[in-house]
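Each chain, written out:
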Number of protein chains: 2
Amino acid sequence: MSESAPTRPPPTDREQRVLQIIETARAKRARFRDDQITLAHGAGGKATQTLIEGLLVPAFGSETLQALGDAGGVTIGGARLAMTADSFVVSPLRFPGGSIGELAVNGTVNDLAMAGAKATALTVAMILEEGLPSDVLRAEVEAIARAAQAAEVEIVGGDTKVVPRGLADGMYLSTTGVGAVDPRARLSTAGLRSGDQILVSGPIGEHGTAIMLARDQFDLDAEVESDTCSLWPAADALLGCAGEALHCLRDATRGGVASVLNELARASGVGLVVREADVPIAPVVAAAAELLGIDPMYIANEGRLVAFVAREAADGALAALRRVAGCEEAAAIGEVRPEPPGMVMVQTAFGGRRVMDQLVGDPLPRIC
Amino acid sequence: MSESAPTRPPPTDREQRVLQIIETARAKRARFRDDQITLAHGAGGKATQTLIEGLLVPAFGSETLQALGDAGGVTIGGARLAMTADSFVVSPLRFPGGSIGELAVNGTVNDLAMAGAKATALTVAMILEEGLPSDVLRAEVEAIARAAQAAEVEIVGGDTKVVPRGLADGMYLSTTGVGAVDPRARLSTAGLRSGDQILVSGPIGEHGTAIMLARDQFDLDAEVESDTCSLWPAADALLGCAGEALHCLRDATRGGVASVLNELARASGVGLVVREADVPIAPVVAAAAELLGIDPMYIANEGRLVAFVAREAADGALAALRRVAGCEEAAAIGEVRPEPPGMVMVQTAFGGRRVMDQLVGDPLPRIC
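Residues numbered from 1 in each chain as written. Chains lettered and ligands numbered in written order. Predicted model: local features only at pLDDT ≥ 70, side-chain atom pairs only at ≥ 80, totals over all residues. Heavy atoms only, no water.

Participant: What is the right way to read the environment of Ile144 of chain B from this model?
Facilitator: Among the secondary structure elements, Ile144 of chain B is positioned in helix H5 (residues 134-150). Judged by relative accessible area, Ile144 of chain B falls into the buried class, the value being 1%. When the C-alpha positions of Ile144 of chain B and Pro96 of chain B are compared, they lie 16 Å apart, and in sequence the two are 48 residues distant. Excluding its chain neighbours within four sequence positions, the residues that come into contact with Ile144 of chain B are Phe60 of chain A together with Gly101, Val105, Val124, Ile155 and Leu173 of chain B. (Helix = DSSP H or I, 4+ residues; strand = E, 2+ residues; numbered from the N terminus. Buried < 20%, exposed > 50% of the residue type's maximum accessible area, 1.4 Å probe, protein only. Contact = heavy atoms within 4.5 Å.)

Participant: Can you help me understand the packing of aromatic side chains in this one?
Facilitator: Centre distance and the angle of the planes are the two values used to describe a pair of aromatic rings. For the coordinates displayed, the defined rule picks out one aromatic pair over all chains. Centroid distance Tyr172 of chain A to Tyr172 of chain B: 6.4 Å. Interplanar angle 45 degrees. Geometry classified as tilted. Placement of the pair is Tyr172 of chain A in strand E7 (residues 171-180) and Tyr172 of chain B in strand E7 (residues 171-180), with the two residues belonging to separate chains. Assessed through its relative accessible area of 0%, Tyr172 of chain A is described here as buried. Here the basic side chain of Lys161 of chain A rests over the ring of Phe88 of chain B, its NZ or CZ set 5.4 Å away from the ring centre. (Phe/Tyr/Trp six-rings, centres within 6.5 Å; stacked < 30°, edge-to-face > 60°. Lys NZ or Arg CZ within 6 Å of the ring centre and 35° of its normal.)

Participant: Sorry if this is basic, but what is going on with the interface of chain B and chain A here?
Facilitator: By a widespread convention, an interface's size corresponds to the accessible area lost as its parts come together. Contacts between the two partners involve 75 residues from chain B, matched on the other side by 75 residues from chain A. Surface buried jointly by chain B and chain A totals about 6,200 Å² across both partners, of which 69% is contributed by carbon and sulfur atoms. It is Ile37, Phe60 and Lys161 of chain B in chain B that bury the most area against chain A; as a group they hold 10% of the surface buried on that side. One can count four salt bridges joining chain B with chain A. A salt bridge links Asp159 of chain B to Arg254 of chain A; its shortest N-O distance comes to 2.9 Å. Where chain B touches chain A, the interface holds 25 residue pairs in polar contact (both at pLDDT 80 or more). (Buried area = accessible area lost by both parts, 1.4 Å probe. Salt bridge = Lys/Arg side-chain N within 4 Å of Asp/Glu carboxyl O. Polar contact = N/O pair within 3.5 Å; in protein donor to acceptor, adjacent residues only side chain to side chain.)

Participant: Explain the confidence of the model for chain A to me, please; I cannot follow it from the model alone.
Facilitator: It should be kept in mind that the predicted coordinates are not to be read in detail where pLDDT is low. Residues and elements named next belong to chain A. With 93% of its residues at a pLDDT of 70 or more, chain A has an overall mean of 89. Across residues 1-6 the pLDDT falls below 50, and counting only partners more than four positions away or on other chains, this stretch makes 15 contacts in the model. Among the prediction metrics, the complex's ipTM stands at 0.87, with pTM recorded as 0.88. (pLDDT = per-residue confidence, 0-100.)

Participant: It is not clear to me how the relation of the copies chain B and chain A should be interpreted in this structure. Could you clarify?
Facilitator: Copies of the same chain, two in number, are related to each other by a rotation about an axis and a translation along it. Its rotation angle being 180 degrees, the transformation that places chain B on chain A also includes 0.0 Å of axial translation and leaves an RMSD of 0.0 Å. The two molecules are tied by a two-fold rotation axis, judged by turn and shift. Of the residues that chain B buries at the interface, 100% are likewise interface residues in chain A, meaning the two copies contact each other through the same surface. (Least-squares fit on C-alpha atoms with pLDDT ≥ 70 in both.)

Participant: What is the right way to read a negative patch on the surface from this model?
Facilitator: All names here are of chain A. There is a patch of like negative charges on the surface, built from Asp216, Asp219, Asp221, Glu223 and Glu225. Relative to the elements of secondary structure, Glu223 occurs in the loop between helix H6 (206-214) and helix H7 (232-242). Since its relative accessible area comes to 79%, Glu223 is described here as exposed. (Patch = residues over 30% accessible without salt bridge, like charges linked within 9 Å, V, L, I, M, F, W, Y side chains within 5 Å. Areas by Shrake-Rupley, 256 points an atom, 1.4 Å probe, with all protein chains shown as cover. Lys, Arg positive; Asp, Glu negative; His and termini not counted. Charge placed at Lys NZ, Arg CZ, Asp CG, Glu CD.)

Participant: I would appreciate a short explanation of the domain arrangement of chain A in the present structure.
Facilitator: All names here are of chain A. Parsing chain A into structural domains produces domain 1 (73-181) and domain 2 (185-355). Distance from the C-alpha centre of domain 1 to the C-alpha centre of domain 2: 24 Å. Contacts between domain 1 and domain 2 engage 23 residues on the former and 24 residues on the latter. Buried area between domain 1 and domain 2, both sides added, is near 1,700 Å², and the carbon and sulfur share of it is 62%. When residues of domain 1 are sorted by the area they lose upon contact with domain 2, Pro96, Asn110 and Met114 head the list and together hold 33% of the total. Connecting domain 1 to domain 2 are zero salt bridges. Across the contact surface, domain 1 and domain 2 share six residue pairs in polar contact (both at pLDDT 80 or more). (Domains from an automatic or database assignment.)

Participant: How do you make sense of the side chain of Ser268 of chain B when you look at a structure like this?
Facilitator: Among the secondary structure elements, Ser268 of chain B is positioned in helix H8 (residues 256-268). Setting aside chain neighbours within four positions, we find Ser268 of chain B in contact with Thr189, Ala190, Gly191 and Leu192 of chain B.

Participant: How do you make sense of helix H4 (residues 100-114) of chain B when you look at a structure like this?
Facilitator: One turn of an α-helix holds 3.6 residues; hence residues three or four places apart share an orientation. Residues and elements named next belong to chain B. End to end, H4 covers 21 Å across 15 residues, agreeing with the expected 21 Å (1.5 Å per residue, within 8%). In terms of burial, H4 is a largely internal element, 14 of the 15 residues being buried. Gly116 sits one or two residues past H4 and shows a positive phi near 80 degrees. (Expected span 1.5 Å × (residues − 1).)

This is the structure in structure tokens:
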């Protein structure tokens, strides 16, 4: 990389003790012990992880699920496929830069892209609230159709259920996608290696900020549009340029870049160092995050990926990524270290260093 | 078949006029003109058809959807696959003979089976209501796991969203399944041919009746269990016995056997005649239907299929079906005629004859 690797002063005794305590906590198997479901279980952070790893994965006992990737791999009729599912409960249904229908297509297309697969077929299941104006439904059906066309994916099936007034918030959508895994792809959540460079495909936090502004929850006279888009072109460019040197792709949705990095550090048993000053972020997003008291690294994106590329291929991969429409501001934001395993450290702009932990609670509910 | 084809007296002038009027209405393209969504749009009858054929299929412009099968066909990586999606909003979540989790697996496994495909991979997306007791969730996760194991399908992915208290009814599930299409399968909604015999795999109406009883909506001291089960063994037996002589399979879920027959009569441009006296039905289901004033032919099933088999292969197919566990009471209930195209006629037990039209409205909301 053109950026020199950050030099790291030896940790103090206190820092080492703190790290040890966190490492011990991390090494424990997640257990689901809550009495009831809270909004945090849907936020993509620690509670979601506990639910998935502590209840769902053990119960379903599937090897594919153990990998905890964005999409499951499955071989059917001799073809190596990726398959993924997502639900969408965003509020409001429409927001600057997108809507629930567009999100539902791009979200699933992107989960497949992160598994190295171009989406071929999509299903759309709709849960509609009794009394939903037909115009609202029509607009979302059209948004789904447009997004599917843009992503070159065929809608092959669907389902419609209606629940009584009050028992949904207009509409909820569930989409599932299937695609063939690209032969160039050797991607894995456990594939991060020491020295890998961490790339991000563009400015972060715009989707979550756009939703917040659309909710009029705080007084900010600014315009931010959701980043929702298909990430296949970016994944395709990275696969084409880096091939097997591309170790992992992940879209930074719920819980933001911070949550993705934490998940992957744990899955690969490596440490990650992020250079805060190198993370691209629009001033208006930074301002909104400050007003709300949220680190923008935890704000959701719906059209931004994080890529892990072997050091020798990283410069080329970043250049290739920047040539993709919408990824002009892609940046290298950090690298993989052998330790501390399972943890993400941030080098602040002021030269300090801190742990960037998983998201706790749900500061921004229902952003997708 | 062993039953002789029913002889049909020539229609009276009045009957012919009525048929002509209905035929003309049927030939028109469905248009979605409602101002807002009603429960009827989710009931599987006429309103659902209008929504699907009048809005969704034209907007999504997919050839696969035009076929209006239970599952879409798609070729990925050289493999001929079937793919299907379903949402589940049943109330209550548990009922005699099953629960929403079991329903969600079997419903999707069955849609694939009706396309001649054994389910290989399944995704489960959950929309949970804030405050849902964890024990309720755990029970459904275990029901999903058990049903998946029974159907020999792997759960390869999923998603969890949480919506605020009041904005869902405990939980909604969406499942999607993929499987390879069996090489023996030549199934199509447009495949019905004059002379085909109509088989049903067991007594009808038990699922919907079990749900009604579980809701305590009326005073009936009877026990009925849902028929929810995987229909792949039945589909497999029929494919093995009848091969290409098996023209179409359909599970009779929302809207019951009557709605399925109407859909298929329209898709194939044929007339269907059903012998009411030959339709297997448990006395308690018949009694419940009578009390509620509903024709049991419109009550939902979650483990019953309707098969269309060429006349010469029908006896063997029925015998093969009856050897499948749970299908001992399978029966031949009618046959395909060249006309009136798009219509279903019932020969009543008393020798009369009437049109069995599509379901209008939603007498039994949220049965799946």
